[in-house]
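Listed below are the residues making up each chain.
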Amino acid sequence: MRNFRFLLASVLLMLSLGAWAHRETLVCDGFVTRPSNNQCLYGGTFSWTQSTGNTMALFTFDAGTLSSYDKLKFTNIKNCTRTTTPYFRVLYIYSGGQKEQAFYNTDDKDITLSGQLTSDQLATVTTIAVGGSGDNGSVVFNPSNIKLVNSSTGDELVCTGVTTRTGNPNGSYRANDFTWTSASSNTMQIFSFAAGTLSKYGKLYLTTSDFDALGATVAANDEKYRVLFINGEGTPLKTQKYSSIGAKTIDLLSFLTDEERAATVEIAFGGVCAKGTIHIEPSSIYLEAAEESEEITLSSPVSGFEWYKYSDGTVYGHSQSELHKRLGQGLGSNQVIYGPTSENGKTAYMDVTDYDEMIFTTANDGTAGLRLLYGDATISTTETNAAQDYSVSLATIDKIGNIKTRNASVTAVNVSAINFKKSFLSGLSATPWSFAKDVENTTVSLNRNFTADQSSTIWLPFDLTAEQAAAAGEFYEFVAFDGSNLGFNPVTEPQAYTPYLFIPASSGELFNNITTTVKAVNSSTLSATGGTATFKGVLQHIDNVKGAESGTVYGYDATNGDFVQVTGDGVSIDAFRAYIVISGGAALAPRLRVTIHNAPTAVENVQSENIQGTKVLRDGQLYIKYNGTMYNVQGQKVNR
């Protein structure tokens, strides 16, 4: 009998700041001066490039207004770019002239106006301005810290902003600027936390604008500013430098090693060139947690590999006379542990292109060692001093000729197992998941958490047997689209690289330690098409799904059990999921309904008198709707 089910699922695509909406973020709440870094400041910056034509207005008012005030006060003025003395000047502009007052330090200023101006001048002042002294300087201040005060009444007139005066193109004022005057000792802290804290974050985002070299010569492609990751001893572990302004993203998982992320206690911002000022706001700097990024890992024992002839790539023979497999044996000096017996590994090779790590398990309790060869070259060596696992990076190794003891002086090496491993962070990897060929006898784990009866989209890089699939849940393949409905059929043996709707049978990580064959990536099965709709699997994290497609994009929505049209550019998706793309120019509904049935027919044929029930998820609970009545999964009638 045919089934008709209406499914509700977890949100696959989410609006966010360039990533998942519910991924935890840590936002910078301000810049902090670092010890011995006295060549930089952060705040509202008044900067100038020439000694003349550089004044900015602090107050403008009608003649006579200044007579109501007797004090001009500056507080919290800072300077890090003095190239000449004095630091800066204040100008009182009145009818027929102006008077300047120079300052040689950045202490707070409490200026008695009668000591600077005559009564006639006070009565005719219409502008109070600030200007630079000498070429190429800057002073940091906030307008709200500049006030005119009537000492007797307590009345105040607060500066509300700084404006450019006519004919003064050499001065400018910007809020939230970072300013520095030396290529060293110019960093300020943007994050500080306990060691290990950074390990939970996957990306750092920041946005800069309005760079000014403050008179120095800096080419457009020269490095201008930097982000530093610093350990508890104050030593920078890694530095990322930039030559251009704009939005920047640092992928912490690829930029830093696990050890560097764990050791980082401070992230700082600094200049690279000789001097400059750049706009950067704390609210635009934030760390994004990597906790929701699932990782898929696999471990392939060496016995699962095929060996290929060096000359033409065909499979090499596996008879004992051609290939040694001496795992778990105590070996004499310089013997082959695994691989061809002759020609020092020239005859054949093992392709390890798809792997990033090789793990040797040894039973040694004395000094020994191993080496990997390809042809006549030793491509890697490692000492084995105890009975434990030893890791060899395969980042620069794609072929292994054979595995031998380290040298002739080694008396014995007992290697009980050799495994090749690959890890893939589905939410953060910039490189697509890829396998060049099938690898048998592989243990695979996907640490993606599922919720029982809460459906989602999925595709996997391996087949599942009927027993494995049934233990995990229910799988449905895409078959048809009629313009408003998306039709799916149940499948019992899901295939690798094929997108499915999936209803988990239980909660938790459902695909751990599965022994299977990891398949080579097959581009023909990455999607399924029905009518003008295509159900597309994802090989890597995509920041902007809509921008990656020419058709209309739909993401699966848990709250209503249908696919929702993606209209903005801020929607992302992680690997091992899928979304719908509709081709053609026809007008489409904002939501497309999901129907699931047994027969592989068009969607319009699925509704019949044999409908058994509709599976509905409401507020995290699963219900069955039958003949207009709602039941829980125990068969009890409920009021919904």
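Note that this is a predicted model, so its numbers are computed, not measured. (Residues numbered from 1 in each chain as written. Predicted model: local features only at pLDDT ≥ 70, side-chain atom pairs only at ≥ 80, totals over all residues. Heavy atoms only, no water.)

Colleague: Before we move on, could you go through the overall build of the protein and cite the residues and values that matter?
Modeller: When helices and strands are counted, the protein shows 5 helices and 52 strands. Residue burial in the protein is summarised as follows: out of 640 residues, 49% are buried. A separation threshold of at least 6 residues defines the contact pool for the protein, and within that pool the share at least 24 residues apart is 79%. Total accessible area computed for the protein in this model is approximately 27600 Å², and 45% of it derives from carbon and sulfur atoms. (Helix = DSSP H or I, 4+ residues; strand = E, 2+ residues; numbered from the N terminus. Buried < 20%, exposed > 50% of the residue type's maximum accessible area, 1.4 Å probe, protein only. Contact = heavy atoms within 4.5 Å. Areas by Shrake-Rupley, 256 points an atom, 1.4 Å probe, with all protein chains shown as cover.)

Colleague: Describe the pattern of salt bridges, and please don't skip the residues or the numbers.
Modeller: Under the definition given, this model contains 10 salt bridges. For Asp 258, the salt bridge identified is with Arg 261, shortest N-O distance 3.7 Å. Here Arg 261 and Asp 258 lie together in helix H3 (residues 258-263), a separation of 3 residues that amounts to about one turn. Given a relative accessible area of 56%, Asp 258 falls into the exposed group. (Salt bridge = Lys/Arg side-chain N within 4 Å of Asp/Glu carboxyl O.)

Colleague: For the pairing of strand S16 (residues 187-192), give the residues involved together with the corresponding values.
Modeller: Of all 6 residues making up S16, 5 are buried, and the element is well covered by its neighbours. As paired elements, strand S3 (residues 32-33) and S16 share 2 bridges and run antiparallel to each other. Across the sheet, Val 32 pairs through a bridge with Gln 189, a residue of S16. Alignment of S16 against strand S21 (residues 264-271), held across 5 bridges, turns out to be antiparallel. Counted as the bridge partner of Ser 192 is Glu 266 from S21. (Pairing = 2+ DSSP bridges.)

Colleague: An account of the nonpolar core is needed here, citing residue identities and associated values.
Modeller: Counting 60 residues, the largest nonpolar core has Met 358, Phe 420, Phe 475 and Phe 511 as its most contacted members. Among the nonpolar cores identified, the runner-up in size contains 31 residues, and Leu 72, Leu 117, Cys 159 and Tyr 173 belong to it. (Core = buried A, V, L, I, M, F, W, Y, C linked by side-chain atoms within 4.5 Å.)

Colleague: I'd like a description of unusual backbone geometry, backed by residues and values.
Modeller: Look at Asn 76: it is not a glycine, yet its phi comes out positive at around 60°. One non-glycine residue, Asp 453, lies in the positive phi region at around 70°. Position of Asp 453 among the secondary structure elements: in the loop between strand S36 (439-450) and strand S37 (456-458).

Colleague: Please give an account of the pairing of strand S11 (residues 137-140) that cites residues and values.
Modeller: Going residue by residue along S11, you find Gly 137 and Val 139 tucked away on one face and Ser 138 and Val 140 tucked away on the opposite face as well. Looking at chain direction, strand S4 (residues 40-48) and S11 are connected through 4 bridges and run antiparallel. When the sheet's bridge partners are listed, Thr 45 is paired in S11 with Val 140.

Colleague: Describe the sheet that holds S16, naming the residues involved and giving the relevant values.
Modeller: With antiparallel pairing, the 5 strands of this open sheet are ordered in space as S3-S16-S21-S18-S19. Of all strands in the sheet, those bounded by a partner on one side alone are S3 and strand S19 (236-242).

Colleague: Explain the packing of aromatic side chains to me, using residue names and the numbers behind them.
Modeller: For the coordinates displayed, the defined rule picks out 33 aromatic pairs. Judged by centre distance (5.2 Å) and plane angle (35°), the ring pair of Phe 46 and Trp 48 falls under tilted. There is no split in this pair, since Phe 46 and Trp 48 are both buried. For the ring pair Trp 180 and Phe 211, a centre distance of 6.2 Å and an interplane angle of 35° mean the geometry is tilted. Of this pair, Trp 180 sits in strand S15 (residues 171-180) while Phe 211 sits in strand S17 (residues 201-212), and the two are 31 residues apart along the sequence. Relative accessible area serves as the criterion here: at 0%, Trp 180 is assigned to the buried category. (Phe/Tyr/Trp six-rings, centres within 6.5 Å; stacked < 30°, edge-to-face > 60°.)

Colleague: Could you give an account of the sheet that holds strand S8 (residues 97-103), with specific residues and numbers?
Modeller: The strand order across the open sheet formed by 5 strands is S8-S7-S10-S5-S14, and the pairing between neighbours is antiparallel. Either end of the sheet is taken by a strand with one partner, and the two such strands are S8 and strand S14 (163-164). Examined bridge by bridge, strand S5 (residues 56-60) and S14 share 2 bridges and lie antiparallel to one another. By the bridge assignment for S14, Met 56 is matched with Thr 164.

Colleague: Lay out the environment of Ser 445 in plain terms, naming residues and giving numbers.
Modeller: Positionally, Ser 445 belongs in strand S36. We classify Ser 445 as buried; its relative accessible area is 14%. Taking C-alpha positions, Ser 445 is 5.6 Å from Ile 296, a pair spaced 149 residues apart along the chain. A distance of 2.9 Å separates a polar side-chain atom of Ser 445 from the backbone nitrogen of Asn 513. (Polar contact = N/O pair within 3.5 Å; in protein donor to acceptor, adjacent residues only side chain to side chain.)

Colleague: Give a detailed account of the confidence of the model for the protein, specifying residues and quantitative values.
Modeller: Mean pLDDT for the protein: 82, with 81% of residues reaching 70 or above. Every residue in residues 1-22 is under pLDDT 50, and counting partners more than four places away or in other chains gives 112 contacts. (pLDDT = per-residue confidence, 0-100.)

Colleague: Break down the side chain of Thr 498 for me, citing the residues and quoting the values.
Modeller: As for its placement among the helices and strands, Thr 498 is situated in the loop between strand S39 (485-491) and strand S40 (500-504). Excluding anything up to four places from it in sequence, Thr 498 contacts Ile 458, Trp 459 and Thr 525.

Colleague: I'd like a rundown of the environment of Ile 250, residues and numbers included.
Modeller: Relative to the helices and strands, Ile 250 resides in strand S20 (residues 246-251). Residues Ile 250 and Leu 287, spaced 37 residues apart in sequence, show a C-alpha to C-alpha distance of 9.5 Å. Once residues lying within four places of it in the same chain are set aside, the contact partners of Ile 250 are Gly 202, Lys 203, Leu 204, Val 227, Phe 229, Gln 240, Tyr 242 and Phe 255.

Colleague: Outline the environment of Val 439, supporting the account with residue identities and numerical values.
Modeller: Position of Val 439 among the secondary structure elements: in strand S36. With 138 residues separating them in the primary sequence, Val 439 and Pro 301 have C-alpha atoms 9.9 Å apart.

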